[in-house]
Amino acid sequence: MKPRFEAIAWRAMRYSGILLIPLAWFHVYLQDVIVGVHAIDINYVAVRLANTGWVVYNFLLLAFAFAHGMYGLRQVSFDFVRSERGRRNVSILLLVLWLVISLIGAIALIGGARPELITH
Amino acid sequence: MLVYLKIFRYNPEAGRSTPSFDTYNIEAQPTDRVLDLLEHVKGHVDGTLSFRRSCAHGVCGSDAMRINGRNMLACKVLVKDVGNEITVEPILGLPVLKDMIVDMEPFFDSYKAVMPYLVNDEVPADGKERLQSPEQRERFDDTTKCIMCAACTTSCPVYWADDQYVGPAAIVNAHRFIFDSRDQAGGERLKILSDHGGVFRCRTAFNCTEACPREIHVTQAIAEVKQAITG
Amino acid sequence: MASSASPLKTTATGYATYQGREGHYAFLLHRLTGLGVLLFLIIHILDTSTVYFYPELYEHAIALYRSTPFMLGEIGLVFAVIYHGVNGLRIAVTDLWMPKRWAIQTQRNAVRITLAISVLLWAPAALWMTYNMLLHNHGINLLPFIGTH
Amino acid sequence: MVQHHQHEVVIVGAGGAGLMAALYASRSADTAVLSKLYPTRSHTGAAQGGIGAALGNLEEDHADWHTFDTVKGSDYLGDQDAIEYMCTQAVPVVYELEHMGLPFSRNPDGTIAQRRFGGHTNNETKKPVMRSCYAADRTGHMILQTLYQQCIKNKVNFYDEFHVLDLLMRDGVVNGVVAVELATGDLHVFHAKSVVFATGGHGRVWEVTSNAYAYTGDGVAIAMRRGLPAQDLEFFQFHPTGIFKMGILITEGVRGEGGILVNDQGERFMERYAPTVKDLASRDVVSRSIFLEVKEGRGINGGRYVHLDMRPETVNKYAELDGRTGPDGKPLIVTGEQLLSKVPDIVDFARTYLGVDPIKELMPIQPTAHYAMGGIPTNFHTQVLADAKGAVVPGFFAAGEVACVSVHGANRLGTNSLLDLVVFGKEAGIKAAEYAKGADYKPLDEDPTAFTREQLDRLLAGKGGEKIVTIAEEMKMKMMDDVGVFRTAEGMHSAAEKMRELRSRYLNVSVDDHGRRFNTDLLNAWELGCLLDVALVTAVSAEARPESRGAHAREDFPQRDDANWLKHSLAWLDGDQVKLDYKPVTITKHQPMERVY
Ligand SMILES: Cc1cc2nc3c(=O)[nH]c(=O)nc-3n(C[C@H](O)[C@H](O)[C@H](O)COP(=O)(O)OP(=O)(O)OC[C@H]3O[C@@H](n4cnc5c(N)ncnc54)[C@H](O)[C@@H]3O)c2cc1C
Ligand code: HEM
Ligand code: SF4
Ligand code: F3S
Ligand code: FES
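## Some remarks on the overall build of chain D
Line of reasoning, step 1. On a plain count of helices and strands, chain D comes out with 17 helices and 20 strands.
Line of reasoning, step 2. Relative to its length of 597 residues, chain D is compact, with a C-alpha radius of gyration of 23 Å against a globular reference of 25 Å.
Line of reasoning, step 3. With respect to the principal axes defined by its C-alpha atoms, chain D has extents near 75 × 55 × 50 Å.
Line of reasoning, step 4. Burial analysis of chain D (597 residues in total) assigns 66% to the buried set.
Line of reasoning, step 5. Of all intrachain contacts in chain D linking residues separated by at least 6 positions in sequence, the fraction that spans at least 24 positions is 73%.
Line of reasoning, step 6. For chain D, the accessible surface area stands at approximately 19,900 Å², while carbon and sulfur atoms represent 51% of it.

## So, the coordination of the iron atom of ligand 2
Line of reasoning, step 1. Only His68(A) (NE2) and His84(C) (NE2) from the protein reach the iron atom of ligand 2 as donors, at distances of 2.0 Å.
Line of reasoning, step 2. Of note is the iron atom of ligand 2, whose 6 donor atoms meet at the metal with angles of 85 to 179 degrees in an arrangement that counts as octahedral. Here the residue His68(A) occupies a position in helix α3 (residues 52-80), and His84(C) occupies one in helix α4 (residues 68-97), the pair thus bridging two chains. The same class applies to His68(A) as to His84(C), namely buried.

## Focus on the pairing of strand β4 (residues 70-73) of chain B
All names here are of chain B.
Line of reasoning, step 1. Here β4 shows a buried face lined by Asn71 and Leu73 and an unburied face lined by Arg70 and Met72.
Line of reasoning, step 2. Sheet topology places strand β3 (residues 64-67) next to β4; 4 bridges connect them, and they run antiparallel. Note that in β4 the partner of alanine 64 across the bridge is leucine 73.
Line of reasoning, step 3. In this antiparallel pair of consecutive strands, β3 and β4, the connection spans 2 residues, and asparagine 68 shows a positive phi of 45 degrees.

## Considering unusual backbone geometry
Line of reasoning, step 1. A cis amide bond links Val405(D) with the next residue in sequence, Ser406(D), at an omega value of 0 degrees.
Line of reasoning, step 2. Tracing the backbone shows Ser406(D) in the loop between β18 (403-404) and α12 (416-437).
Line of reasoning, step 3. Positive phi values are uncommon outside glycine, yet Asn68(B) reaches one of about 45 degrees.
Line of reasoning, step 4. Note on placement: Asn68(B) falls in the loop between β3 and β4.
Line of reasoning, step 5. For Asn68(B), a relative accessible area of 26% puts it in the partly exposed group.
Line of reasoning, step 6. For Phe206(B), which is not glycine, the phi torsion reads 75 degrees and is therefore positive.
Line of reasoning, step 7. Mapped onto the elements, Phe206(B) comes out in the loop between α7 (186-193) and α8 (207-211).

## Side note on empty space enclosed by the protein
Line of reasoning, step 1. The final tally for this structure, using the stated rule, is 13 cavities of 30 Å³ or more.
Line of reasoning, step 2. Lining the largest cavity are 18 residues, and of these Arg53(B), Lys36(D), Leu37(D), Leu182(D) and Thr520(D) lie nearest its centre.
Line of reasoning, step 3. Residue contributions to the lining of the largest cavity peak at 4 residues, all from helix α16 (residues 520-543) of chain D.
Line of reasoning, step 4. Tallied by class, the residues present in the lining of the largest cavity amount to 7 nonpolar, 4 polar and 7 charged.

## With respect to the interface of chain D and chain B
Line of reasoning, step 1. Counting residues at the interface gives 55 residues for chain D and 68 residues for chain B.
Line of reasoning, step 2. A buried area of about 5,300 Å², summed over both sides, lies between chain D and chain B, and 51% of it is on carbon and sulfur atoms.
Line of reasoning, step 3. Of all residues in chain D, Arg41(D), Tyr213(D) and Arg517(D) give up the largest surface area on contact with chain B, accounting jointly for 15% of the area buried on that side.
Line of reasoning, step 4. At the junction of chain D and chain B, the tally comes to 6 salt bridges.
Line of reasoning, step 5. Taken together, the elements giving at least two residues each to the side of chain D that touches chain B come down to α3 (80-100), α4 (139-153), α11 (344-354) and α16 of chain D.

## Some thoughts on the arrangement of the chains
Line of reasoning, step 1. The highest contact count of any of the 5 pairs of chains in contact belongs to chains B and D.
Line of reasoning, step 2. Regarding chain A and chain D, the two do not touch, and the least distance separating their C-alpha atoms is 24 Å.

## Here we look at the site of ligand 2
Line of reasoning, step 1. Around ligand 2, the structure places 23 residues, and the nearest of them are Gly17(A), His68(A), Arg203(B), Arg31(C) and His84(C).
Line of reasoning, step 2. At ligand 2, the nearby residues belong to more than one chain, namely chains A, B and C.
Line of reasoning, step 3. One of the side-chain nitrogen or oxygen atoms of Arg14(A) is found 3.2 Å away from an oxygen atom of ligand 2.
Line of reasoning, step 4. Contributing elements (two or more residues each) for the shell around ligand 2: α1 (2-35) and α3 of chain A together with α2 (22-53) and α4 of chain C.
Line of reasoning, step 5. Here the element with the most residues in the shell around ligand 2 is α2(C); it accounts for 7 residues.
Line of reasoning, step 6. A per-class count over the shell around ligand 2 returns 11 nonpolar, 9 polar and 3 charged.

## Description of the packing of α2(C) against helix α3 (residues 55-65) of chain C
All names here are of chain C.
Line of reasoning, step 1. Closest axis-to-axis distance for the α2/α3 pair is 6 Å, and the angle between their directions is 140 degrees. Classed by the angle they form, the pair α2 and α3 counts as oblique. As for how α2 packs across α3, the hand of that crossing is left-handed. Here α2 contributes Phe40, Ile43, His44, Asp47, Thr48, Thr50, Val51, Tyr52 and Phe53 to the contact with α3, which in turn contributes Pro55, Leu57, Tyr58, Ala61 and Tyr65.
Line of reasoning, step 2. In the contact of α2 with α3, the residues fall into 10 nonpolar, 3 polar and 1 charged.

## With respect to the nonpolar core
Line of reasoning, step 1. Counting 148 residues, the largest nonpolar core has Leu5(B), Ile86(B), Leu193(B), Val225(B), Ile51(D), Val94(D) and Leu97(D) as its most contacted members.
Line of reasoning, step 2. No other element matches the 11 residues that α3(D) contributes to this core.
Line of reasoning, step 3. Residues from two domains meet in this core; each of domain 1 (2-102) and domain 2 (105-230) of chain B gives at least three.
Line of reasoning, step 4. Val402(D), Ala472(D), Val483(D) and Leu532(D) belong to the second largest nonpolar core, which has 89 residues in total.

## Details of the confidence of the model for chain D
Line of reasoning, step 1. Averaged over every residue, the pLDDT of chain D is 93; the share at 70 or more is 98%.
Line of reasoning, step 2. Model confidence for the complex is summarised by a pTM of 0.94, with the ipTM given as 0.94.

## Brief notes about a nonpolar patch on the surface
Line of reasoning, step 1. Nonpolar side chains collect at one region of the surface, where Leu103(A), Ile107(A), Phe53(C), Tyr54(C) and Leu57(C) lie side by side and expose about 490 Å² of accessible area between them.
Line of reasoning, step 2. With respect to the helices and strands, Phe53(C) occurs in helix α2.
Line of reasoning, step 3. Taking the relative accessible area as the measure of exposure, Phe53(C) reaches 42% and is therefore partly exposed.

## Concerning the side chain of His239(D)
Line of reasoning, step 1. With respect to the helices and strands, the residue His239(D) is situated in strand β11 (residues 236-243).
Line of reasoning, step 2. According to the relative accessible area criterion, His239(D) is buried, its value standing at 1%.

## Thoughts on the packing of aromatic side chains
Line of reasoning, step 1. For the coordinates displayed, the defined rule picks out 34 aromatic pairs over all chains.
Line of reasoning, step 2. With 5.0 Å between their ring centres and 85 degrees between their planes, Tyr52(C) and Phe53(C) make a pair best called edge-to-face.
Line of reasoning, step 3. Stacked on the ring of Tyr24(D), the Lys or Arg Arg27(D) has its end atom at 4.2 Å from the ring centre.
Line of reasoning, step 4. When the ring centre of Tyr441(D) is taken as origin, the NZ or CZ atom of Lys193(D), which lies over that ring, is 5.0 Å away.

## As for the sheet that holds strand β10 (residues 230-231) of chain D
Line of reasoning, step 1. On the basis of which strands lie adjacent, the open sheet formed by 3 strands has the order β10-β19-β20 (chain D) and antiparallel pairing. Both edges of this open sheet fall to β10 and β20 (577-584) of chain D, since each of them pairs with a single strand only.

## Remarks on the packing of helix α9 (residues 218-230) of chain B against α4(C)
Line of reasoning, step 1. Between α9(B) and α4(C), the least distance of the axes is 8 Å, while the angle of their chain directions is 70 degrees. Looking at the two axes, α9(B) sits roughly perpendicular to α4(C). Residues Ala223(B), Lys226(B) and Gln227(B) of α9(B) form the contact with α4(C), whose participating residues are Asp95(C), Leu96(C) and Trp97(C).

The rules behind these values
Residues numbered from 1 in each chain as written. Chains lettered and ligands numbered in written order. Predicted model: local features only at pLDDT ≥ 70, side-chain atom pairs only at ≥ 80, totals over all residues. Heavy atoms only, no water. Helix = DSSP H or I, 4+ residues; strand = E, 2+ residues; numbered from the N terminus. Rg over C-alpha atoms; globule rule 2.2 N^0.38 Å. Buried < 20%, exposed > 50% of the residue type's maximum accessible area, 1.4 Å probe, protein only. Contact = heavy atoms within 4.5 Å. Areas by Shrake-Rupley, 256 points an atom, 1.4 Å probe, with all protein chains shown as cover. Donors = N, O, S within 2.8 Å, 3.2 Å for Na, K, Ca; no water. Tetrahedral: all angles 85-135°; square planar, octahedral: opposite > 155°, others 65-115°. Pairing = 2+ DSSP bridges. 1 Å grid on protein atoms, 1.4 Å probe; cavity = no way out; pocket = protein on both sides within 12 Å on 5 of 7 lines; lining within 4 Å. Points joined across faces, edges and corners; volume = space filled by probe spheres on them. Nonpolar A, V, L, I, M, F, W, Y, C, P; charged D, E, K, R; others polar. Buried area = accessible area lost by both parts, 1.4 Å probe. Salt bridge = Lys/Arg side-chain N within 4 Å of Asp/Glu carboxyl O. Near = heavy atom within 4 Å. Polar contact = N/O pair within 3.5 Å; in protein donor to acceptor, adjacent residues only side chain to side chain. Axes fitted to C-alpha atoms, helices over the stretch in contact; angles between N-to-C directions. Parallel < 35°, antiparallel > 145°, perpendicular 65-115°, else oblique. Left-handed = near helix turned anticlockwise from the far one by under 90°. Core = buried A, V, L, I, M, F, W, Y, C linked by side-chain atoms within 4.5 Å. Domains from an automatic or database assignment. pLDDT = per-residue confidence, 0-100. Patch = residues over 30% accessible without salt bridge, like charges linked within 9 Å, V, L, I, M, F, W, Y side chains within 5 Å. Phe/Tyr/Trp six-rings, centres within 6.5 Å; stacked < 30°, edge-to-face > 60°. Lys NZ or Arg CZ within 6 Å of the ring centre and 35° of its normal.

As structure tokens, then:
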């Protein structure tokens, strides 16, 4: 049932957004402001990804932010793609992108950083 | 006061197939309506200038246009409200046919698509009125005021891009029946409005509410319909 | 023959020239920041994933992030995330729990407040990030009494 | 290019009357509705006050009382059989509107809300009765919307923005209309078995008017050009309080709440004209008083207007002087807020158009042309009449403001027009369909658009350089001055002469726009022709009536003259000449009496 989907997505957009305030803001404040890119390197990442708490946190962030963002992009693109067919294609494309990129992110999260592979 | 009036012109029949502007300097009273200025130009300067109008006091919905970049009724805005440099353009998002005249058919089609009429064939046995309490009546009072001027729909950024979107005016008119205690087709209307071109296209840009000359709380009405759908 | 400008052109004209009020600009900024953050997020997921798939590349990536243009972008990103969040909260809360507040004066004020809160939350972060950028990339220490980081 | 269509019933006009007719005709006959405006733009949408029907929801009321009030209001010129029919039908038809979905305001018990209105009384106590059924202050808007919605539901055939220019007849039988499609400029011939005219009024004849730009008397003029008469055109209602220059209506309610009229010297002049009821005298009396003040140089700054004062301090001061008291017996004291809540729309109009806050400042007002009591003569089955003997024109029907049944006689009561629309609109729909079912398509003339083309081509070819606006301005000013609220033989005579002059100058107008698409320039010019025809007939019919009755008020003949003039006028326009005839008023129960309130 397509219509049902739009309605659920509308609510999901709002709830996920609210959830993202603590999740995304804390992440951004911590990494970009408090720690800062100059203090971040692969070892820093490795330490963090060894901690289950941080992995779960990053999982949540990945799941919610990315789903929220991709659905938002779908809405934006529907403004410009008006045919039923075009919209189906866009939806499929975004769905695939979402799955693939999420998968890549998820594998990396579980696998953790592998600084030992650096050869120089 | 002297008004510097800039008017959008388009009339392929008369060789003006690229939209352009004509300018006029007009002596006007601060209390003149912008519609009066257009009438002045049409009557005294250039009879080919075309626009729709009828009631001249904001109740028939004929003359929504973009005045200084914002949708208004030309008959409900005075010179002193917009200053002495005035630019008049057709509303956005509907095909322009001639000068200020746009093709209203898509707009009325969207309106017709939401079942804008009462569905209920049961009448009291004594042939008298169906009862409705003042509170039930008040519930949908705001959205009964719509004059279908299209100022809202053509101010909506989503509608500019997506003509599949039914637009705020249609939703306002659906709202008027969805919340009427006498109506029996609320479910069907909600179903239509939960589809791709329905309420969930609205991004709460709020231009519609700002543009409505009847001061209808358009965005609120849309939100109420969204809530009715998502339960 | 009607003059039907393409929807893209109509939209561009509308976005750029329609004299909407607060809500119009809030919408545009929300959309812009949402898309901006999403773009960054995609890149970020992919580049961070290299710590597992191709760690060597991660070092290059981080080096790039440390450059001045990227750091400036990062300051913008922080604003985007903050503004999009505060404004999203305005929308979500009004939509879900108080649709009556979709009233003209209320929303004009709410949008202004949203923007004010965003700037307030962003300013300290932006200053701190600028300080760090100048310090690390240009050797300028604006706050010598704090010592080096 | 000429396009041809065939529909059993063709309805011209999509206001209250046209849409009601459409709903009924389309039930049994193939029906088309033509309108020069999108239906929802029709002027019915401007009506505020309400629709009269003796529902008796709040207090005792009877259709008989409504009938008598209407007869009396008409200054006994209304036809009593038609009035009785209308007032009796009022009750079921209002329920019917409710069933269609009209959102009437409600009483606490859930029934349709009703309020008092001028001239509507309890016949026993003579006190005002609550008879006007209303939907906030947007009753006309709601009627128009509801009827249009029902038409959509019932898939009525609309031809929107089709401007009708001619009525087709053959051997005295109506068989179609010619219209121009605004979007393309193409002419369309509509071959029909019956035609209903519901084109509204012609208030644009006068300079200051509450009427829409579209109110150009097309229906009456078209009929007259086809040799049919117009009835009672000398009776045109002026509402006393229109916004200065713009004419936008300010409801009587403002004075009902205690507002008063003042002249340049700050004097409450109504005391002189109507010592007992003062500012609440009937519409015609108040309009005449304002006119006299202005004429004697006591308009504000010597101008053409006076002030309407509804500031609380004024209202309270005169309430005390007049001895008006509240329910508790104490002098009436109102606050600005209370006034605002009673007439919100008026406050909005005053703020928007005058930049005046009526709670703190004075509103400049002047009488405004408002409603045509006269029009195309019909019987109460809406069949158009061809002569004083009552011969019907087969296949031709009219309803609404364009028609003269006559239920309003010399003066219409508030709320009775909306009622007229729905009652006779419905009747027209039923009768037109009935007629169509029993008739064949009468063959069209060989070249049905010839007369239309002749009119348009002449306008398009005009090189005389007369401007439409110049002629229109002169017509409006002259009619305002001399065939307005107050009339003299001399004035009306010079007005008729002036109209003849303008009609000959009209032959020299030239239009700027020679295109086809949305040539509103050409159509404005054509509409001006209609206005001039109606104006001439109005002036001549008025001059010919040496009495004062209802809205027709003469300085030189201040009395009503039932012995000689209790009759309807019928006017035929032939070139420059107006031929007049008269027919008796139908009187059933109520013999004429002096009209006092
Ligand atoms: C400000 C104001 C307030 C009023 N308030 C009240 C009130 O409270 N109560 C009350 O009872 N009455 C009131 N009236 C009077 C009443 O509203 C009108 O008399 C009535 O609405 C006329 O309705 P109609 O259907 O005859 O015409 P309209 O509703 O005006 O419709 C005319 C139709 O004819 C069409 N038309 C005209 N010419 C042509 C043509 N040549 N070709 C094709 N189509 C054509 C138009 O497009 C339009 O659709 C008020 C009037 C005014 C001006
Ligand atoms: C910080 C907390 C966030 C909140 C409260 C939030 C809230 C919202 C809300 C309520 C909407 C829906 C707007 C609408 O439907 O009208 C939305 C749209 C959107 N969001 Fe977020 N969001 C947040 C974070 C993010 C993040 C991190 C991203 C990027 C990945 C993002 C990308 C988007 C996009 C692309 C849209 C669509 C914009 C549009 O339709 O114009 N949001 N957001
Ligand atoms: S909601 Fe307001 S702006 Fe929109 S069509 Fe109706 S009256 Fe016009
Ligand atoms: S402008 Fe458009 S996005 Fe929604 S709030 Fe109004 S319909
Ligand atoms: S002319 Fe009727 S709304 Fe402006």
